[in-house]
Amino acid sequence: MIRPYLPVPGAPAFLDALDEIRVWLPEPAQPKALAGKFRAQVNGHAIAVIGIQGGEKALPMRDPSRVVLAGTLQKALGGQEWNPAGSETQMTRLSESRFELVVKLPAGSYAYKLTRGGSWDENYGAVFVAGGANLTLLLSQEQLVRFVVDFAQKTIADSVNQPGSVAAPTALPARVKPTATDTKFQSFRLKLARKLTALEVAQPIQMQFSSEPWRTVYVREALSDPIFHYAPSDLGAHWSRTQTTFKLWSPVAERATLVLGSKRLALTRGGAGVWHTTVSGDWHGALYHYELHSYGQLRHAADIYGAAATADSSRSIVVDMSRTNPPGWPVPRLFVGKKTTDAILYELHVRDFTIHSSSGVRPEWRGKYLGLAQKCDYLAKLGVTHVHLLPIQNFNAAHSKTYNWGYETTLFNVPEEQYATQPGGDPLARIREVKQMIQALQRRGLGVVLDVVYNHTVPSEGSLSAFWESVPYYYFRSNDKGELLNESGVGNALHDERPMVRKFIRESLAFWSKEYKIDGFRFDLLGMFAKETVTDLAKEIRRHNPAALIYGEPWTGGGPLRFGKGDQKGLGVAVFNDHFRSALRGELDGPGPGFALGDMPHKTALEQAISGSLSDFAAAPTESVNYVSAHDNRTFWDKVALSLPLEPTLHAQAVKLAHATVLLSQGIPFLEGGVELGRTKGMRDNSYNAGDTANQFDWKRGEKFADIHAYFTGLIALRRAHPAFRLSTREQVQRALTFMPMENGVAFQLNGALVGDSWRQILVVLHGGKSPSVFSLPKGAWKQAVNHQSAGVKSLRILQGSIVLEPLSAVVLFQK
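Keep in mind it's a predicted model, so treat the numbers as computed, not measured.

### Thoughts on the overall build of the protein chain
Within the protein chain one finds 15 helices and 43 strands. Here the C-alpha atoms of the protein chain give a radius of gyration of 29 Å, agreeing with the 28 Å that 2.2 N^0.38 yields for 816 residues. As displayed, the protein chain has an accessible area near 31200 Å², and 51% of this comes from carbon and sulfur atoms. Put simply, the protein chain has 89 plus and 75 minus side-chain charges, and the middle of one group is 3 Å from the middle of the other.

### Thoughts on helix 3 (residues 369–382)
In a regular helix each residue adds 1.5 Å, so 14 residues correspond to 20 Å; helix 3 covers 20 Å between its end C-alpha atoms and thus fits that length. Along helix 3, the sharpest kink reaches roughly 45 degrees, centred on Lys 375. Here helix 3 lies mainly inside the structure; 10 of its 14 residues are buried. Phi turns positive, to about 110 degrees, at Gly 383, one or two residues after helix 3.

### Remarks on the nonpolar core
One recurring pattern in soluble globular proteins: nonpolar side chains tend to sit buried together. In terms of nonpolar packing, the biggest core is built from 169 residues, with Leu 15, Trp 249, Tyr 346, Leu 379, Tyr 454, Tyr 475 and Phe 523 touching the most fellow members. Here this core gets 8 residues from one element, more than from any other, and that element is helix 11 (residues 651–664). Filtering out sequence-adjacent residues up to four positions away, Tyr 454 remains in contact with Gln 393, Phe 412, Leu 494, Phe 504, Ile 505, Ser 508, Leu 509, Trp 512, Phe 523 and Phe 529. Formed by 21 residues, the second largest nonpolar core is a distinct cluster that contains Phe 99, Leu 101, Leu 105 and Leu 135.

### Quick word on the layout of surface pockets
Quantified by volume, the second largest pocket comes out at close to 550 Å³. Contributing to the lining of the second largest pocket are 26 residues, with Ser 233, Leu 235, His 238, Tyr 305 and Phe 511 lying nearest its centre. Secondary structure elements with two or more residues in the lining of the second largest pocket: strand 17 (236–239), helix 6 (499–515) and helix 7 (531–544). If you tally residues by element for the lining of the second largest pocket, the top one is helix 6, at 6 residues.

### Details of the pairing of strand 29 (residues 409–415)
The buried fraction of strand 29 amounts to 7 of the 7 residues, a majority that puts the element mostly inside the structure. Across 3 bridges, strand 28 (residues 393–395) lies against strand 29 in antiparallel orientation. Counted as the bridge partner of Phe 395 is Thr 409 from strand 29.

### Overview of the packing of helix 11 against helix 14 (residues 706–721)
In contact at an axis separation of 10 Å, helix 11 and helix 14 are set at 15 degrees when each is read in the N-to-C sense. Overall, the two elements helix 11 and helix 14 adopt an arrangement that is roughly parallel. Handedness of the helix 11/helix 14 crossing: right-handed. Contacts between helix 11 and helix 14 involve Ala 652, Val 655, Lys 656, His 659, Ala 660, Val 662, Leu 663 and Leu 664 from the first element and Asp 707, Ile 708, Tyr 711, Phe 712, Leu 715, Ile 716, Leu 718 and Arg 719 from the second.

### Observations concerning unusual backbone geometry
Trp 329 connects to Pro 330 through a cis peptide bond whose omega is -5 degrees. Take Pro 330: it is sitting in the loop between strand 25 (316–317) and strand 26 (345–348). Between Val 458 and Pro 459 the backbone carries a cis peptide bond, its omega angle lying at -10 degrees. Secondary-structure assignment places Pro 459 in the loop between strand 30 (447–452) and helix 5 (466–470). Positive phi values are uncommon outside glycine, yet Ser 313 reaches one of about 65 degrees.

### Quick word on the sheet that holds strand 12 (residues 143–150)
Read from one edge of the open sheet, 4 strands run 7-8-12-13, paired in antiparallel fashion. A strand with exactly one partner marks an edge of an open sheet, and here the two such strands are strand 7 (92–93) and strand 13 (155–158). With 8 bridges joining them, strand 8 (residues 98–105) and strand 12 adopt antiparallel strand pairing. Counted as the bridge partner of Val 102 is Arg 146 from strand 12.

### Quick notes on the pattern of salt bridges
The full count for this structure, using the stated rule, is 41 salt bridges. Close ionic contact of Arg 93 with Glu 96 constitutes a salt bridge, the shortest N to O distance being 3.2 Å. Arg 93 sits in the partly exposed class, given a relative accessible area of 41%. The partner of Asp 692 in a salt bridge is Arg 351, and the shortest N-O contact between them spans 2.8 Å. Of this pair, Asp 692 sits in helix 12 (residues 692–695) while Arg 351 sits in helix 2 (residues 350–354), placing them 341 residues apart in sequence. A single network of salt bridges, built from pairs that share partners, joins Asp 16, Glu 20, Arg 22, Arg 189, Arg 220 and Asp 480.

### Some details on the side chain of Thr 533
Residue placement: Thr 533 occurs in helix 7. Within the structure, Thr 533 has its side chain in polar contact with the side chain of Asp 496 (distance 2.5 Å). Residues within four places of Thr 533 in sequence aside, it is in contact with Asp 496, Glu 497 and Arg 502.

### Things to note about the packing of aromatic side chains
Under the criterion given, the structure shown has 41 aromatic pairs. Considering the side-chain rings of Trp 249 and Tyr 475, the 6.5 Å spacing of their centres and the 85 degrees angle between planes classify their relative orientation as edge-to-face. Of the two residues, Trp 249 sits in strand 18 (residues 243–249) while Tyr 475 sits in the loop between helix 5 and helix 6, which places them 226 residues apart along the sequence. By the burial criterion, Trp 249 is buried, and Tyr 475 matches it.

### Structural notes on the packing of helix 3 against helix 14
Running from amino to carboxyl end, helix 3 crosses helix 14 at an angle of 60 degrees, the nearest separation of the two axes being 9 Å. The angle between the axes of helix 3 and helix 14 places the two elements in the oblique class. Across from Tyr 378, Lys 381 and Leu 382 in helix 3, the residues of helix 14 making contact are His 709, Phe 712, Thr 713 and Ile 716. A class-by-class count of the residues in the contact of helix 3 with helix 14 yields 4 nonpolar, 2 polar and 1 charged.

### With respect to helix 9 (residues 603–610)
Looking only at helix 9, the buried set comprises Leu 606, Gln 608, Ala 609 and Ile 610. Of the surrounding secondary structure, the elements contacted by the buried residues of helix 9 are helix 8 (578–585), helix 11, strand 36 (737–740), strand 37 (745–751) and strand 38 (761–767). At the C-terminal side of helix 9, Gly 612 shows a positive phi close to 90 degrees.

### Remarks on the confidence of the model for the protein chain
Chain-level statistics for the protein chain give a pLDDT mean of 95 and a share of 98% at 70 or above. Considering only residues more than four positions removed or in separate chains, one finds that residues 1–8, a stretch of pLDDT under 50, has 21 contacts.

About the thresholds
- Residues numbered from 1 in each chain as written.
- Predicted model: local features only at pLDDT ≥ 70, side-chain atom pairs only at ≥ 80, totals over all residues.
- Heavy atoms only, no water.
- Helix = DSSP H or I, 4+ residues; strand = E, 2+ residues; numbered from the N terminus.
- Rg over C-alpha atoms; globule rule 2.2 N^0.38 Å.
- Areas by Shrake-Rupley, 256 points an atom, 1.4 Å probe, with all protein chains shown as cover.
- Lys, Arg positive; Asp, Glu negative; His and termini not counted.
- Charge placed at Lys NZ, Arg CZ, Asp CG, Glu CD.
- Expected span 1.5 Å × (residues − 1).
- Bend = angle between axes of the 7 residues up to and from the residue.
- Buried < 20%, exposed > 50% of the residue type's maximum accessible area, 1.4 Å probe, protein only.
- Core = buried A, V, L, I, M, F, W, Y, C linked by side-chain atoms within 4.5 Å.
- Contact = heavy atoms within 4.5 Å.
- 1 Å grid on protein atoms, 1.4 Å probe; cavity = no way out; pocket = protein on both sides within 12 Å on 5 of 7 lines; lining within 4 Å.
- Points joined across faces, edges and corners; volume = space filled by probe spheres on them.
- Pairing = 2+ DSSP bridges.
- Axes fitted to C-alpha atoms, helices over the stretch in contact; angles between N-to-C directions.
- Parallel < 35°, antiparallel > 145°, perpendicular 65-115°, else oblique.
- Left-handed = near helix turned anticlockwise from the far one by under 90°.
- Salt bridge = Lys/Arg side-chain N within 4 Å of Asp/Glu carboxyl O.
- Polar contact = N/O pair within 3.5 Å; in protein donor to acceptor, adjacent residues only side chain to side chain.
- Phe/Tyr/Trp six-rings, centres within 6.5 Å; stacked < 30°, edge-to-face > 60°.
- Nonpolar A, V, L, I, M, F, W, Y, C, P; charged D, E, K, R; others polar.
- pLDDT = per-residue confidence, 0-100.

This is how it looks when you write it as structure tokens:
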């Protein structure tokens with residue numbers, strides 16, 4: 001008989017193995033001083049604590065002179081990564097405000113932050129922003145690196161990224177070893193006399209320290225034990241005309257009930273903690289949710305595997321997915337046999353694209369899935385191959401009636417209702433409209449890429465989180481105090497290494513691949529995922545669609561970097577190339593210009609970017625997503641206006657040069673939606689909730705930029721017509737691409753004859769100077785396909801000897 005109990009208020013404790021409890025104490029101590037002070041019980045029966053070990057170390061007392069670079073470089077130096085008290089990267093004080101660190105680091109990609117005082121209470125990221133984005137360092141070989149921090153000037157610099165201001169070290173200085181002390185811990189690992197059984201984890205587990213009140217023990221990492229692994233891919237509601245089977249994974253539940261319409265049906269506990277029942281009849285369209293009794297509370301959860309839900313995300317809906325298919329569904333798979341470098345990505349938000357009255361879309365479809373379906377001819381004529389959609393998975397119900405980008409997913413298998421023509425109407429109609437949108441795009445030869453946010457969920461706790469209510473704590477990263485770790489920058493982080501978390505993500509991706517025929521996935525904050533997870537997910541996606549595009553952001557929202565640039569090598573996964581972006585754009589949102597705005601960065605960085613970053617972080621050009629702007633920051637037009645405020649005549653040229661470089665470089669080109677229309681967000685950078693005024697595509701304004709649109713269309717046609725711009729292997733690039741000497745720019749030749757191009761030789765000249773310049777041509781007659789005004793596949797004129805380069809311009813010439 002299950003004994004009822006009430007959860008104990010205060011800090012929780014955790015079962016992190018079937019025979020180990022983790023507990024956090026407010027006062028740090030050494031394990032040996034706590035012997036005999038812990039007790040544990042399961043369902044009221046005592047279980048002996050036979051050993052105590054340290055868990056999370058106690059933070060040292062705050063010392064402002066303790067300045068540490070905390071990040072992945074600590075692990076490379078033999079320490080614990082992201083440790084604000086790590087001695088291996090503690091800086092040496094040079095003056096009241098200046099600190100220095102000299103270390104030898106192996107080749108690799110590193111992320112770090114500046115911390116002060118031995119904790120995260122005071123930390124700085126890029127551009128010395130408190131709590132800001134991670135700083136990065138990329139080394140192609142082992143070398144000495146000098147880091148210099150100046151708190152007065154608010155600068156963080158190093159000898160690799162800022163060689164002009166920080167001198168490269170020639171030797172390692174002698175370092176004083178810290179005095180050995182007895183380590184104190186803030187949390188402790190309690191070894192139990194025996195392992196708990198699979199059934200016992202659903203019973204009340206409690207522990208007590210000294211004479212304090214008993215604490216509830218939540219089952220956390222112990223659920224990663226193989227006895228809780230459920231391999232079959234049949235969790236959720238599986239419909240047939242005669243019956244529907246419901247399966248829910250919740251090993252910690254004492255009992256579970258299915259609420260199906262007006263019925264209440266007890267679920268049966270099976271192996272691995274899966275609760276199940278089968279209900280006779282055709283239940284298509286029926287509402288359901290689960291009631292679970294766990295940790296002394298009655299919890300209500302929608303189905304995390306559910307394919308449809310009510311507008312408030314509180315209840316799921318049984319669906320016969322075949323009844324949501326539009327006539328002619330599905331379109332045959334696109335891009336079979338194509339290379340990923342054949343893709344040209346165009347990023348847009350469903351609402352932004354057609355909400356403006358000048359979009360030409362039926363009024364009731366503006367800002368909707370069907371609006372994009374109606375307007376997709378525009379994208380096909382532009383020539384892009386894939387449409388990258390900002391999140392359309394069901395997100396935070398609190399924001400579903402207000403503008404939001406959607407990076408706060410609630411139910412990952414459910415389409416967001418606000419883009420349906422009747423948001424509060426038939427939940428199944430929105431599924432059909434999503435399929436109609438995808439069908440319309442694919443019929444025009446356009447692949448559909450979903451922007452997915454499996455790194456976190458909103459809300460993370462409480463009655464509106466199906467993940468939390470199903471299995472409290474398990475799906476999220478937390479510390480031993482029970483605080484959710486804010487590695488995403490928005491409150492929580494999914495714990496992708498845990499088997500059933502990874503399984504959920506894998507099967508959700510499979511669902512979208514199979515049911516919605518998605519052509520690719522863009523992973524938000526991919527850097528938060530373990531490499532093993534990325535490998536697993538890529539394999540699953542390609543199992544359903546070998547031609548799928550898979551790419552993501554190789555950074556985090558401020559937490560530890562687990563999958564950085566370089567980790568994608570050989571996985572069939574691409575990453576956003578921020579080195580490319582920085583070389584062309586300059587400062588992300590500040591006025592500092594890059595090459596396309598008249599500043600000449602290190603030529604090596606520019607050449608690396610153009611050649612697919614093969615000497616930087618990529619094994620092949622298929623691994624680099626080349627871009628200069630995306631939804632996150634100022635539009636490229638706003639950035640140009642900020643960087644060149646007194647030179648308006650150069651604005652259009654800067655846009656053309658930047659995007660000519662994107663489309664003529666080796667890799668996968670990515671375009672910010674609307675850049676060809678002169679899109680502006682009024683200088684807003686992070687416009688995620690700024691509404692239509694800032695974010696909408698103004699098609700009327702776009703008419704003024706017809707020459708820019710024509711230029712983009714011509715460049716896209718050029719890239720698609722000539723495989724020399726779309727090489728897919730390191731060997732091809734090394735054989736075919738040769739850089740030439742040039743001042744104020746970069747020039748390179750492509751040997752088209754070696755790679756099956758109809759143009760035997762191709763010459764690309766990218767001029768970053770603000771004044772005209774003369775460039776000497778290789779011998780022979782050259783036909784010009786691109787100049788500062790026009791772009792395409794036809795010859796504009798024939799040249800010999802030299803060419804005059806206009807300010808901020810791109811030139812493409814060829815010989816047949």
